[in-house]
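# Structure at a glance
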Amino acid sequence: MLLNNKGYSVYTNTVGNQKAVEGTQRLECTLSELYNISGQCAAFISIRSGILDFMIGNGGRYISIYDTAWNNKFMEAYSLKGWNTESSVYEFLFSRENELLRFIDTWLK
């Protein structure tokens, strides 16, 4: 995994009996703890979900990944950039995985 190879610790937020994504460590915490963690970590990378709506006001660094629903219009409809928060928000379509990986490789130097 790209981030592990760069020396980062990579976590999957889990609840109950959920398992972490392969190659990551399990992280189980409250929503308020996750809010604070995401504001202090090197980057919070997530599929586009409601949890990002809650957290992006904390000044953190976020990469939001969108699926190709609605003929690639899902990202346009639910973009986080218009929220104008103090957080750094970068958005990518999942189908552009190579572009995303190149961005992560240079952004987290």
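Scroll up to find the structure this text is about.
Let us look at the structure shown here. (Residues numbered from 1 in each chain as written. Predicted model: local features only at pLDDT ≥ 70, side-chain atom pairs only at ≥ 80, totals over all residues. Heavy atoms only, no water.)

Counting secondary structure elements, the protein contains 6 helices and 5 strands. Helices and strands in the protein line up, N terminus first, as α-β-β-α-β-α-β-α-α-β-α. Against the globule reference of 13 Å for 109 residues, the protein gives a C-alpha radius of gyration of 14 Å, in line with a compact fold. Viewed in the frame of its principal axes, the protein has a C-alpha envelope of about 35 × 30 × 30 Å. Residues classed as buried in the protein amount to 30% of the 109 residues present. Long-range pairs, those at least 24 residues apart, make up 38% of the contacts in the protein between residues at least 6 apart in sequence. Accessible surface for the protein amounts to roughly 7100 Å². Of this, 50% is attributable to carbon and sulfur atoms. A distance of 5 Å separates the average location of the 10 positive side-chain charges in the protein from that of its 11 negative side-chain charges. (Helix = DSSP H or I, 4+ residues; strand = E, 2+ residues; numbered from the N terminus. Rg over C-alpha atoms; globule rule 2.2 N^0.38 Å. Buried < 20%, exposed > 50% of the residue type's maximum accessible area, 1.4 Å probe, protein only. Contact = heavy atoms within 4.5 Å. Areas by Shrake-Rupley, 256 points an atom, 1.4 Å probe, with all protein chains shown as cover. Lys, Arg positive; Asp, Glu negative; His and termini not counted. Charge placed at Lys NZ, Arg CZ, Asp CG, Glu CD.)

Right, let's talk about the pattern of salt bridges for a bit. Evaluated as defined, the whole model comprises 5 salt bridges. Among the ionic pairs, R26 bridges to E28, the shortest N-O distance being 2.8 Å. Judged by its relative accessible area of 48%, E28 is partly exposed. Across the salt bridge formed by E76 and K73, the nearest N and O atoms sit 3.5 Å from each other. (Salt bridge = Lys/Arg side-chain N within 4 Å of Asp/Glu carboxyl O.)

As summarised here, the arrangement of the 3 strands in space is β3-β4-β5, forming an open sheet in which the pairing is parallel. Because the sheet does not close on itself, it has two edges, and the strands there are β3 (44-47) and β5 (88-93). Within the sheet, the average angular offset between the axes of one strand and its neighbour, ignoring direction, is 20 degrees. The strands touched by helix α6 (residues 97-107) are β3, β4 (61-66) and β5; relative to β4, the strand with the most contacts, the crossing angle is about 175 degrees. (Pairing = 2+ DSSP bridges. Axes fitted to C-alpha atoms, helices over the stretch in contact; angles between N-to-C directions.)

Secondary-structure assignment places M55 in helix α3 (residues 50-55). Spatially, the C-alpha atoms of M55 and E97 are 24 Å apart, while their sequence positions differ by 42 residues. Residues contacting M55, with those up to four places away along its chain left out, are L34, Y35, S38, F44 and Y62.

Structurally, the position occupied by Q18 is in the loop between β1 (11-13) and β2 (25-27). Sequence separation of Q18 and E28 is 10 residues, and the distance between their C-alpha atoms is 9.6 Å. Apart from the residues lying within four places of it in its own chain, the contact partners of Q18 are N13 and R26. Of the polar contacts made by the side chain of Q18, one reaches the backbone nitrogen of V15; its length is 2.8 Å. (Polar contact = N/O pair within 3.5 Å; in protein donor to acceptor, adjacent residues only side chain to side chain.)

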